[in-house]
Amino acid sequence: MQEGLEKRYGLLTAIAMVVGIVIGSGVFFKAEKVLVATGGNLPMGILAWFLGGLVMIICAYNFAIMATKYEKVSGVVDYAEALVGPRYAYVFAWFAAVIYFPAMTSVVAWVAARYFGVLMGWEIVGPQVMTLAGLFLVGSYVINALAPKLAGKLQVTTTAAKLIPLFLMAIFGTIFGLKNGILVKNFTTVATHTFVNENPLFTAVVGTCFAYEGWICATSINAELKDAKRNLPLALIFGSAFVVLVYMLYYIGLAGAVENEVMMAGGETGAKLAFSTVFTQFGGTLLFVFVVISCLGTLNGLMMACTRAFYAMGVRNEGPMPQVFKVVDAVTKMPANSALIGVMMAMLWLTYFYGANLAPVTWFGPFCFDSSELPIVTIYAMYIPIFAMQMRKGKGMSLLHRVIAPILGILASAFMVLAAIVSLKQAIIYYLILFAGIIVIGLLLKNYKHEAL
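Values in this document were obtained by computation on a predicted structure and should not be read as measured data.

### Comments concerning the overall build of the chain
Of the regular secondary structure elements, the chain holds 19 helices and zero strands. When each of the 453 residues of the chain is scored for burial, the buried share is 59%. For the chain, long-range pairs separated by at least 24 residues make up 81% of all intrachain contacts whose partners lie at least 6 apart in sequence. In the form shown here, the chain has an accessible surface area of approximately 16600 Å², with 72% of it arising from carbon and sulfur atoms.

Next up, the structure:
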């Protein structure tokens, strides 16, 4: 057994991880929510996609700056440690390992199973889809834990595959919509004048945050990235900008395929209906297969981060049983124990997601929230101290890197938090109670560890 991770990934894998994690399930999963939240107001929906993407680009740019200076084992945790301090870094690492990574991974596993279920004609909350979601989680874990190099190649391959339906819909959906007038109609009329929320723009932006999230996971492989101080910043900047462009073009193309009222009423089949309308039934079904592949690519990228989360604490001799979770297998060059508990956490969050959002009667009373959104908003709040300390400790940096970029990062993160508070209201209170309880448990385990050693 050993404790060092192998430098196995290059720039292409890093870019594919940024693009591949972000582009995947969310653009298909949340397009319906954005339309419903804005009452079919297409310009407002496009603005929501732009604002969500702008927040991502600003934050990614700040972390790209940090990546040129700090390199250790786990990207964002390293930056939190260097800029804010080891205790804050531990809280961040614990949050990422217990809430953020596994919650995101579990939702994406369900989304991949959901769209496969749409192809098969299954009920999206039925036993087939939930069982398949669990199998997708386990399968992704096996690939990442036993064949990490294969997981990297899979990330590049699925990233290329998932761009096919997006580009085809962006191009042909727009042409289709311009020829038959649907695109102009969707731009100039609103499907319904009754918004489902008092603050439709904020609600839509919070919806896009899931679609744009995942780029931070790329920082989790910086210890395994060749020339990380050069390649990670390039991946973050180019990857995030590319994603925003693709999303906005796809959303416009989607608006050219079917009328907003039809798309909103379609629910989980809305995207399939749009593809079938533009590319015929067979073509639409074939392209929808690529959508499922796209979701699986996102799942793979998130699992890459999920399997390394406890390792980030263990290698610092922090958290529960660090001597167990910091061990790297001599054969696979992977933190096998960290990977195992990572997939277990994801399975727990998949169970929660079903009970809180899909079960006929909710299992957790008021403690039911969308685990695809609120953990993301929390992580933006946790970026703020890092950006603030970047201004204080960034000696020798240019005005842009030390002052302007961090201030924009703070404003962008605060905007995302404000949007969540305004749109989600009471759900945030119960989520924060759960969040605080998990953090307290993490701090108790950290203190227990120190006493034991």
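### A short note on the confidence of the model for the chain
Looking at the chain, pLDDT values average 81 and 88% of them are 70 or higher. When the criterion is pLDDT under 50, residues 448-453 qualifies, and its contacts beyond four places in sequence or with other chains add up to four contacts.

### Observations regarding the side chain of D78
Residue position: D78 is located in helix α5 (residues 76-83). Of note is the side chain of D78, whose polar atom sits 2.4 Å from the side chain of R316.

### What about unusual backbone geometry?
Non-glycine residue T280 carries a positive phi angle of around 70 degrees. Looking at where T280 falls in the secondary structure, it is placed in helix α13 (residues 270-306). A positive phi angle, close to 60 degrees, is found at N317, a residue other than glycine.

### So, the packing of helix α6 (residues 86-120) against helix α16 (residues 336-358)
Relative orientation of the contacting elements α6 and α16 amounts to 65 degrees, with a least axis distance of 8 Å. Along this stretch, α6 crosses α16, giving a crossing that reads as right-handed. Packed against α6, whose contacting residues are A97, V98, I99, P102, A103, T105, S106, V107 and W110, the element α16 presents M345, A346, W349, L350, F353 and L358 at the interface.

### Thoughts on the packing of aromatic side chains
Going through the model one piece at a time under the given rule, you end up with 31 aromatic pairs. Here the aromatic cluster, defined as three or more aromatic residues joined through ring pairs, consists of F95, Y100, F101, W349, Y352, Y354, W363, F364, F369, Y431 and F435. The ring centre of Y115 lies 5.2 Å from the NZ or CZ of R114, which sits over that ring.

### Focus: the environment of K226
Its place among the elements puts K226 in the loop between α10 (200-212) and α11 (228-257). Of the residues examined, K226 reaches a relative accessible area of 44% and is grouped as partly exposed. A sequence separation of 216 residues divides K226 from G10, and the C-alpha atoms of the two residues are 5.5 Å apart.

### Quick notes on the pattern of salt bridges
Evaluated as defined, the whole model comprises three salt bridges. Three or more residues joined by partner-sharing salt bridges are found here, namely D78, E81 and R316.

### Examining helix α18 (residues 399-424)
The terminal C-alpha atoms of α18, which comprises 26 residues, lie 36 Å apart, in line with the 38 Å expected from a rise of 1.5 Å per residue. Of all the residues in α18, the buried ones are A405, P406, G409, A412, S413, M416, V417, A419, A420, V422 and S423. Positioned one or two residues after α18, K425 has a phi angle of 50 degrees, which is positive.

Calculation rules
Residues numbered from 1 in each chain as written. Predicted model: local features only at pLDDT ≥ 70, side-chain atom pairs only at ≥ 80, totals over all residues. Heavy atoms only, no water. Helix = DSSP H or I, 4+ residues; strand = E, 2+ residues; numbered from the N terminus. Buried < 20%, exposed > 50% of the residue type's maximum accessible area, 1.4 Å probe, protein only. Contact = heavy atoms within 4.5 Å. Areas by Shrake-Rupley, 256 points an atom, 1.4 Å probe, with all protein chains shown as cover. pLDDT = per-residue confidence, 0-100. Polar contact = N/O pair within 3.5 Å; in protein donor to acceptor, adjacent residues only side chain to side chain. Axes fitted to C-alpha atoms, helices over the stretch in contact; angles between N-to-C directions. Left-handed = near helix turned anticlockwise from the far one by under 90°. Phe/Tyr/Trp six-rings, centres within 6.5 Å; stacked < 30°, edge-to-face > 60°. Lys NZ or Arg CZ within 6 Å of the ring centre and 35° of its normal. Salt bridge = Lys/Arg side-chain N within 4 Å of Asp/Glu carboxyl O. Expected span 1.5 Å × (residues − 1).

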